[in-house]
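Descriptive structure summary
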Amino acid sequence: MTRIVIAGGGMSGLSLAAHLAVADHRHPVVVVDDGTRPLGNMTWASWSSRPGLLDAAASRWFDKIRVHVNGRTTVLGLGRYRYRVVRGGDLAAVVHRYTDPLKHFTFQRGHVDGVADGGLVVDGHFMRARWVFDSVIGTDEEPPLDAQLVFRGWRVSSERAVFDAEIPTLFDFRTPQVSGASFVYVLPEDAHHALVEHTAFVAPGMPHDETTQREALTEYLMEVAGVGEHEIDREEHAVLPLRAAQPSRSHEHVLTIGTQGGLLKASTGFAYQRVQRDSAAIAESMRRHGHPFDLQEAPPRFRLFDGVLLDVVTREPAQLERAFGALFRHRTAEPALRFLDEETTVPQELRLFAGMPAATYLAAARHRLAR
Ligand SMILES: Cc1cc2nc3c(=O)[nH]c(=O)nc-3n(C[C@H](O)[C@H](O)[C@H](O)COP(=O)(O)OP(=O)(O)OC[C@H]3O[C@@H](n4cnc5c(N)ncnc54)[C@H](O)[C@@H]3O)c2cc1C
């Protein structure tokens, strides 16, 4: 039996299905999803510097971002990057363009109960599989939790034309730093509509207070964005567990993907672009070797940087603004984005870190390495 089963047809499961459809036709592929997270509710934003298989799914592309940090608003070009927005329904439609012509690709509604020797269990029944790509069960031993990313976003309809339709705000620190290191993110649709999202890095085990986060959003809308009469059409809220260490991804016939595979970047909460790269690498490994394990990992120092940043900002929230200010102080956002994509060299990193308090970060790094 050469069947591949992808457990979970969300962002990572769909992305992998498309990449497999293009790269490797030897195996029948079944994508199993129980529908607990409807794709229609999801939107992913991300930056990228090179073309990707699923680019046609993007509904918006931006060449600039705005940041407000250390009392100053700056508009930054993105250099060789572009920032784009992908809606869940559009991702599914583009993926199906690749998979629908292939008879051996099927999508099945079902709940994955667990993985088992030689396959997995779906709705209580064993399903044999040569390879299982798992975005829903994960491994037994999760790395330690370093922080939680607590975000609450409102899709706002404003009577006044207050949003800049062409420039998203990646972070704006004009929000109280009371419930963890916090900033507001604004993703515009047009001058009257935007997703306005409050994001806080909260220490593990610390409570997160809904009321405070809603008050912070209201304050931002009225006092910073200058929104007068408005409606909130939709709210999204999530608490993402942030783990800097890499979980072990592979076990016999199983490889974890997506958030379960540690693809969520611990210092940003972004996963979309990393999943695209991972999907391409898995499909290429399958094509070349007949197994999915020939995957390159970024140098381990990047996970150390993520962990150290989370240690510092969960202890001293004001440091997040300083860190982002230092990373995004260049003429374009490209150096910071390249660093967040884990594609910088050590000398480039030393230049980026120059504006940060060295003693604070070195002490946190020493502490982490000694654990
Ligand atoms: C609200 C929100 C907004 C986000 N925004 C961004 C963003 O803008 N940019 C970015 O880069 N990242 C973002 N992320 C982080 C990350 O990219 C997403 O969480 C992403 O969807 C993770 O992909 P995934 O495939 O691991 O999980 P999912 O996309 O959640 O896919 C899991 C799938 O498995 C199904 N499922 C769950 N359990 C079972 C089961 N037992 N059996 C069968 N099916 C099951 C679900 O229905 C779902 O379709 C966001 C996360 C959240 C929660």
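It should be emphasised that the depicted structure is a prediction, and the values quoted were computed from it without experimental measurement.

Cut-offs and rules
- Residues numbered from 1 in each chain as written.
- Predicted model: local features only at pLDDT ≥ 70, side-chain atom pairs only at ≥ 80, totals over all residues.
- Heavy atoms only, no water.
- Axes fitted to C-alpha atoms, helices over the stretch in contact; angles between N-to-C directions.
- Helix = DSSP H or I, 4+ residues; strand = E, 2+ residues; numbered from the N terminus.
- Parallel < 35°, antiparallel > 145°, perpendicular 65-115°, else oblique.
- Left-handed = near helix turned anticlockwise from the far one by under 90°.
- Contact = heavy atoms within 4.5 Å.
- Buried < 20%, exposed > 50% of the residue type's maximum accessible area, 1.4 Å probe, protein only.
- Pairing = 2+ DSSP bridges.
- Near = heavy atom within 4 Å.
- Polar contact = N/O pair within 3.5 Å; in protein donor to acceptor, adjacent residues only side chain to side chain.
- Areas by Shrake-Rupley, 256 points an atom, 1.4 Å probe, with all protein chains shown as cover.
- Nonpolar A, V, L, I, M, F, W, Y, C, P; charged D, E, K, R; others polar.
- Domains from an automatic or database assignment.
- Phe/Tyr/Trp six-rings, centres within 6.5 Å; stacked < 30°, edge-to-face > 60°.

1. Things to note about the packing of helix H5 (residues 301-315) against helix H9 (residues 358-369)
Contact pair H5 / H9: the axes reach a minimum separation of 9 Å and the direction vectors enclose 115 degrees. Between H5 and H9, the crossing angle belongs to the class labelled roughly perpendicular. The handedness of the crossing between H5 and H9 comes out as right-handed. Counted together, Leu304, Gly307, Val308, Leu309, Asp311 and Val312 of H5 and Thr360, Tyr361, Ala364, Ala365, Arg368 and Leu369 of H9 form the full contact between these two elements.

2. Quick notes on helix H6 (residues 318-327)
In terms of burial, H6 is largely enclosed, as eight of its 10 residues are buried. All of the buried residues in H6 are Gln319, Leu320, Glu321, Ala323, Phe324, Gly325, Ala326 and Leu327.

3. Overview of the sheet that holds strand E18 (residues 250-251)
The six strands lie next to each other as E8-E2-E1-E12-E19-E18, forming an open sheet whose pairing is mixed. The open sheet has two edge strands with one neighbour each: strand E8 (105-109) and E18. Both E18 and strand E19 (residues 254-256) contribute to a ladder of two bridges, which runs antiparallel. Among the inter-strand pairings, Ser250 is bridged to a residue of E19, identified as Leu255.

4. Describing unusual backbone geometry
A positive phi angle is found at Asn70, which is not glycine, with a value near 50 degrees. For Asn70, the position within the fold is in the loop between strand E5 (64-69) and strand E6 (72-77).

5. Looking at the site of the ligand
Taken together, 28 residues form the shell around the ligand, and within it Ser12, Asp33, Ala45, Val112 and Ala271 come nearest. Here a nitrogen atom of the ligand sits 2.8 Å away from a polar atom, N or O, in the main chain of Val112. Contact distances for the ligand include 2.8 Å between an oxygen atom and a backbone N or O atom of Ala271. Coverage of the ligand by the protein amounts to 88% of the 970 Å² it exposes when considered alone. Counting residues per element, the ones that place at least two in the shell around the ligand are helix H1 (11-23), strand E3 (43-48) and strand E17 (230-242). With three residues, the top contributor of residues to the shell around the ligand is E3. Of the residues in the shell around the ligand, the class split is 13 nonpolar, 12 polar and three charged. Residue-level mapping places the shell around the ligand at the junction of two domains, with at least three residues from each of domain 1 (4-60 + 85-142 + 243-289) and domain 2 (149-241).

6. Observations regarding the packing of aromatic side chains
Think of a pair of aromatic rings as described by two things: how far the centres are apart, and how the planes are tilted against each other in angle. The full count for this structure, using the stated rule, is 16 aromatic pairs. Ring centres 5.7 Å apart and planes at 45 degrees place the aromatic pair Phe305 and Phe339 in the tilted group. Of this pair, Phe305 sits in helix H5 while Phe339 sits in helix H7 (residues 334-340); the two residues are 34 residues apart in sequence, bridging distant segments of the chain. For Phe305, a relative accessible area of 21% corresponds to the partly exposed category. By relative accessible area, which is 8% here, Phe339 ends up buried. Ring geometry for Phe339 and Phe353: centres 5.5 Å apart, planes at 85 degrees, overall edge-to-face.

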